[in-house]
Structures are given as C-alpha cells and as structure tokens.
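Analysis of the macromolecular model
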Amino acid sequence: MVRRTRALVALTLLASALAGGRGDEDTGRPTLNWYNFPDDSGALQQAADRCSRASGGRYRISYHKLPRAADGQRQQMVRRLAAEDDSLDILGLDVTWAAEFAEARWIREWTGEAKRRATEGTLRVPLQTGTWKGKLYAVPYNTNTQLLWYRKDLVPTPPTTWAEMIGMSRDLARQDKPHYVEIQGAQYEGLTVWFNSLVNSAGGAILDPAATEPALGPPAVRAASVMRDLANSPAADPSLPNQMEDQNRLAMESGVAAFELNYPFVYPSMKANNPELFENFRWAPYPRVDADRPARPTIGGIDLAVSAYSRHPDLAFEAALCLRNRENQLTAALEGGLPPTLRALYDDPAFMREYPFSKEVLAALESASVRPLTPAYQNVSIAVSHTLSPPSGIKPESAVDTIREHIDEALRSEGVIP
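First, a word on scope: everything that follows refers to the structure included in this document. Note that the structure is predicted; figures quoted are calculated from it, not measured.

**A closer look at the overall build of the protein**
The helix and strand inventory of the protein stands at 19 helices and 11 strands. On C-alpha atoms alone, the protein measures out to a radius of gyration of 22 Å, which is about the 22 Å that the 2.2 N^0.38 rule sets for 418 residues. C-alpha atoms of the protein, sized along the principal axes, occupy 70 × 50 × 35 Å. Residue burial in the protein is summarised as follows: out of 418 residues, 56% are buried. The contacts of the protein with a sequence gap of at least 6 include a subset with a gap of at least 24, amounting to 74%. Across the protein, the centroid of the 45 positively charged side chains sits 3 Å from that of the 51 negatively charged ones.

Okay, structure coming up:
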C-alpha cells in the first residue's frame, strides 16, 4: 500500500514529464530518457542528438532538464525512483549521490565490457565519485575543480599557501589597494567543499576509509583554523557569510578583490564582462595548507548512471557511453565550460586553446580529493556547513567536536533524506 501510494503521488506530480517520454515506442524504436542538469549551452542536447543518430535507429535519446538547483534535481529523481518509475533511463548524478542511490538499489552496477569502456582512459579521481563498496555505479561525464585566480597587477607572484595569501591581502590592505580573497562562505554546499579541501590538503579526511565513522582529528582543526583566520582578517569580503560562487565572480569582476578561489567559468566571464581587468587576470594552483604538502582541492561534476527501473538497461548503458565519449566531452568543454574526464582531451589542441589553464586543471584533478562517499552525504554536508557558519565565529576545536558528533549521528541513522 505504501509503495502504491508513493507511486501515485510521483505520477501525479510528474505526469507531464512521463507523457513525453515514450513517443517512438509504438514504432519499435525505444526512447531513452536522460535526466540531467539544465544546460544552457546546447552541448547536452547536441550529445543526445549525435548519439540518437549514431544508434542507427535502435534508440532515441530524449534529454530532460532537471531543476537548476542541485537539491531540486536530487529531490525529483529520489521521488521518482522511490516510486519505481520506469520512464527514467539515464541519470545525471551529482558526484555526491552515487553511494546513496546505489545503497537504495536505484541504479545498476557497471560491469563487463561496459565497465571496461567506461573506465578506459578516464581520470582516476573522478572515477572514485561513482564507486561504492568497490563497485562502479556511475561513470564520470564531466568534472570540475577550483583554481586560485588572482590579479597580476597587484600580485606579481601568486601565493602558494593560505597563510601567504592572507599575508599578501593584509599588505595590499595597508596600501589601500584591492585585497579581498573571494571564497564561498555561505551556509551551503560550497562551505562544505571549502572545509573538505582544507582537511584533505592538511593530510586528513572527514570520514574514515570505510565511511563508517568520522575521521577529522588535527587536520580538521587545522582546516577550521584557516577558515577562521581568513574570515577575521582584512582578506575577508564583508559579504563572506553570504557569498557563493557567482557572488565571488561578480566581486572579482568589480575590482575589489585580489584573489578568488573558484571554478574555471570565471575566466570567460571576466573576459566578457571586464576586458580591461582581464588583461591581468591569472591563475595558479589551489593554495596549500602546509608548504611541504600538495593541496587537494575537492572535485565536482556529473556522473552518468542507469536506472534500476529502466525498461531498456542494455541500450541505456550503450547510450551513456556514447554521451560521455570524446566528441561529446570536448563539445561540453568548449561550449559548456565543463572540464572533461577523459585524460587524452587535456592534450587536445582545441581544448588547450580554450583552456589556457588546462595543465593546472589536470594537475589539480590528478591530486584532487572527493567529498565523503556515503549514503548519508546530505546529512554530513549539513553538519559541516551549519557548524562552520559564519566562518568568523568558528572555534576550531569545539567546531570539529560538534561536526564529529553530528556526523556520527548521521552515519547511524537509517533511510534517505526526502
């Protein structure tokens, strides 16, 4: 009765989406429904069209845009999968969702020849995001990572550590020059990403390798201290407690900042919106916590999974491989600004021209960290971001103790966040 009720609710909420998903099935050509983030560049639609043609009439891929916010994307898929909705075939998952969806048995494992083709030539760290309990459940479609962006007219040589960067900001402030360090300080996923990058860069992790209990420890205290120190220094933008990636971009483009920790989308934006400042807009590796230990920035991106309820799973695996092939990943990179997950593309001349920082992105990806791999990730992220907000109020030791307590509770809880 519960399952039937949930199915009816999901079907009522999403009747229009279901109605458009099976138009070719009466003619013998299945329609594979691909649900992914809303891409404004046209790259995803191009991929769907290319792969439909390449199938030789065996299937057609219909690209459906999920809500723009990640929470809305997850919520729609969770509700429909919980209702065993068989109109979902290929799922574009945020890199933090594979463990949750796999544990709930909503997605199929990649095995055999499909797994071999999916992993061949794919960057190692992005593959970790789609792996749960040693099995591959989702394959990387694109990835992302932050770099340090800075103004060369203010900072001839970029800093290599957080302490050095805060010191440079303080010196610029004394000279009454632009000096802010733009970073994501609002109470949301971006704050968790900042903390995760710092913890891993300090040699630690948020969870133990088995994802059964919190790790944290001295590296987490060190990470929280860096966040507090920046937030209480001249480097902090007054809007830090409310800032997300786009606010950071706008602040840098307005000329009030000297540094920015952000994703590569800021490069074409600066070029278009402030050509004069763009002349001095440069990039460098993510800052280190310790001078003798490489930084490990957190990666993002989208992984492709096949729904457990798809009526055409074999075709869905084949189509997913096509969607993330070399041609489609290159289009997504050049038109959509999404770094690829295929190693060979980082040597492609077209990609290197569009991404003059491709070597730095690749180096960051090869040493990157992933967010905690656990079905309880949503609870873990909330525990981190709520405890560390606002960054200026962080008391490192007690904050880490609080995070540990909340994560321990999250890992012991059962069920999925609706």
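Okay, back to it.
**Points about the packing of helix 9 (residues 189-201) against helix 18 (residues 377-387)**
Put simply, helix 9 and helix 18 touch, their axes get as near as 8 Å, and they point 85° apart. In this view, helix 9 runs roughly perpendicular relative to helix 18, as classed from their interaxial angle. Of the residues in helix 18, those in contact with E189, L191, T192 and F195 of helix 9 are Y377, S381, V384 and S385. By residue class, the composition of the contact of helix 9 with helix 18 is four nonpolar, three polar and one charged.

**Concerning the packing of aromatic side chains**
One pass over the full model with this rule turns up 18 aromatic pairs. Between the aromatic rings of W110 and F317, the centroid separation amounts to 4.8 Å while the plane-to-plane angle is 85°, which identifies the pairing as edge-to-face. Here F317 lies in helix 14 (residues 313-323) and W110 lies in the loop between helix 5 (98-103) and helix 6 (112-119), a separation of 207 residues in the sequence. Looking at W110, the relative accessible area reads 0%, which means it is buried. Arranged with centres 5.0 Å apart and planes meeting at 80°, the rings of Y346 and F351 form a pair that is edge-to-face. For Y346, a relative accessible area of 3% gives the class buried. For F351, a relative accessible area of 0% gives the class buried. Grouping aromatic residues by their ring pairs yields a cluster made of W149, Y267, F278, F281, W283, Y346, F351, Y355 and F357.

**As for the pattern of salt bridges**
A full pass over the atoms with the stated rule returns 22 salt bridges. Between D229 and R228 there is a salt bridge; the shortest N-O distance is 3.0 Å. When its relative accessible area of 38% is taken as the criterion, D229 is described as partly exposed. Judged by its relative accessible area of 28%, R228 is partly exposed. Salt bridges sharing common partners tie together E113, R116 and E120.

**Looking at the pairing of strand 3 (residues 90-94)**
Burial analysis of strand 3 places five of its five residues in the buried class, which makes it a mostly covered element. Burial of the side chains of strand 3 extends over both faces: I90, G92 and D94 are buried on one face and L91 and L93 on the other. Where strand 1 (residues 31-36) lies against strand 3, two bridges are found, and the strand directions are parallel. Along strand 3, the bridge assignment pairs W34 with I90. Sheet topology places strand 3 next to strand 11 (residues 300-306); five bridges connect them, and they run antiparallel. Its bridge partner lying in strand 11, L93 is registered against D303.

**Notes on the side chain of N262**
Positionally, N262 belongs in strand 9 (residues 257-262). A polar side-chain atom of N262 sits 3.0 Å from the main-chain carbonyl oxygen of E245. Apart from the residues lying within four places of it in its own chain, the contact partners of N262 are T145, Q146, L147, W149, Q184, E245, N248 and R249.

**Some remarks on the sheet that holds strand 8 (residues 180-182)**
Read across the open sheet, the four strands follow the order 8-9-7-10; overall the sheet is mixed. The two strands at the open ends of the sheet, each matched to only one other strand, are strand 8 and strand 10 (281-284). Neighbour to neighbour, the strand axes of the sheet diverge by 20° on average, direction disregarded. Relative to strand 10, strand 7 (residues 147-151) runs antiparallel, the two being bridged by four bridges.

**Focus on the state of the cysteines**
Counted by the stated rule, this structure contains one disulfide. Between the sulfur atoms of C51 and its disulfide mate C322 the distance is 2.1 Å. When the S-S torsion is -95°, as for the bridge of C51 with C322, the disulfide is left-handed. Taken as a pair, C51 in helix 3 (residues 43-54) and C322 in helix 14 lie far apart in primary sequence, 271 residues in all.

**Things to note about helix 3**
Counted at 1.5 Å a residue, the expected span for helix 3 with its 12 residues is 16 Å, and the 16 Å between its end C-alpha atoms agrees. Three or more residues of helix 3 are buried, namely A43, L44, A47, A48, R50, C51 and S52. As for helix 3, its buried residues are in contact with strand 1, strand 2 (60-65), strand 6 (139-144), helix 14 and helix 15 (326-336). Just past helix 3, the residue G56 takes up positive phi, approximately 65°.

**Some points on unusual backbone geometry**
For the bond running from S389 to P390, omega is -5°, close enough to zero to count as cis. On the secondary structure map, P390 appears in the loop between helix 18 and helix 19 (396-412). Even without being a glycine, E84 presents a positive backbone phi close to 55°. On the secondary structure map, E84 appears in the loop between helix 4 (70-82) and strand 3. Its relative accessible area of 31% is what places E84 among the partly exposed residues. Unlike most non-glycine residues, D176 shows phi in positive territory, near 60°. Note on placement: D176 falls in the loop between helix 8 (162-174) and strand 8.

Conventions we followed
Each chain carries its own residue numbering, running from 1 in the written order of its sequence. Reporting of local features is limited, given that this is a predicted model, to residues whose pLDDT is at least 70; pairs of side-chain atoms are given and counted only at 80 or more, and all residues count toward the totals for whole chains, interfaces and linings. Side-chain figures throughout are based on the complete set of non-hydrogen atoms in the structure, without hydrogens or water. Secondary structure elements follow DSSP: runs of H or I of four or more residues count as helices, runs of E of two or more count as strands, with numbering from the N terminus. The globule rule used here is 2.2 Å times the number of residues to the 0.38 power, and the radius of gyration it is set against is calculated over C-alpha atoms. The classification of residues rests on relative accessible area computed with a 1.4 Å probe and restricted to protein chains. Under 20% of the type maximum is buried, over 50% is exposed, and intermediate values are partly exposed. Contacts were defined at the residue level, with two residues in contact if any of their heavy atoms lie within 4.5 Å. A positive count includes Lys and Arg, and a negative count includes Asp and Glu. His and the chain ends are not counted in either. Throughout, a charge is located at the NZ atom of Lys, the CZ atom of Arg, the CG atom of Asp or the CD atom of Glu. The axes used here are C-alpha line fits, helices contributing only the stretch in contact, and every angle between their N-to-C directions lies in the interval 0 to 180 degrees. To sort the angles, those under 35 degrees are grouped as roughly parallel, those over 145 as roughly antiparallel, those from 65 to 115 as roughly perpendicular, and the leftovers as oblique. Put simply, Ala, Val, Leu, Ile, Met, Phe, Trp, Tyr, Cys and Pro go in the nonpolar bin, Asp, Glu, Lys and Arg in the charged bin, and everything else, Gly too, in the polar bin. Any Phe, Tyr or Trp ring, taking Trp's six-membered ring, that has another such ring centre within 6.5 Å forms a pair; planes under 30 degrees apart are called stacked, those over 60 apart edge-to-face, and the others tilted. Think of a salt bridge as a Lys or Arg side-chain nitrogen and an Asp or Glu carboxyl oxygen that are within 4 Å of each other. Think of it this way: DSSP has to see at least two bridges between two strands before they count as a pair. Throughout this description, a polar contact denotes any pair of N or O atoms lying within 3.5 Å of each other; where both atoms belong to protein, one of them has to be capable of donating a hydrogen while the other can accept it, and for residues adjacent in sequence the pair is counted only when both atoms sit in side chains. Pairs of cysteine sulfur atoms within 2.5 Å are identified as disulfides in what follows. Helix span is expected to be 1.5 Å times the residue number reduced by one.

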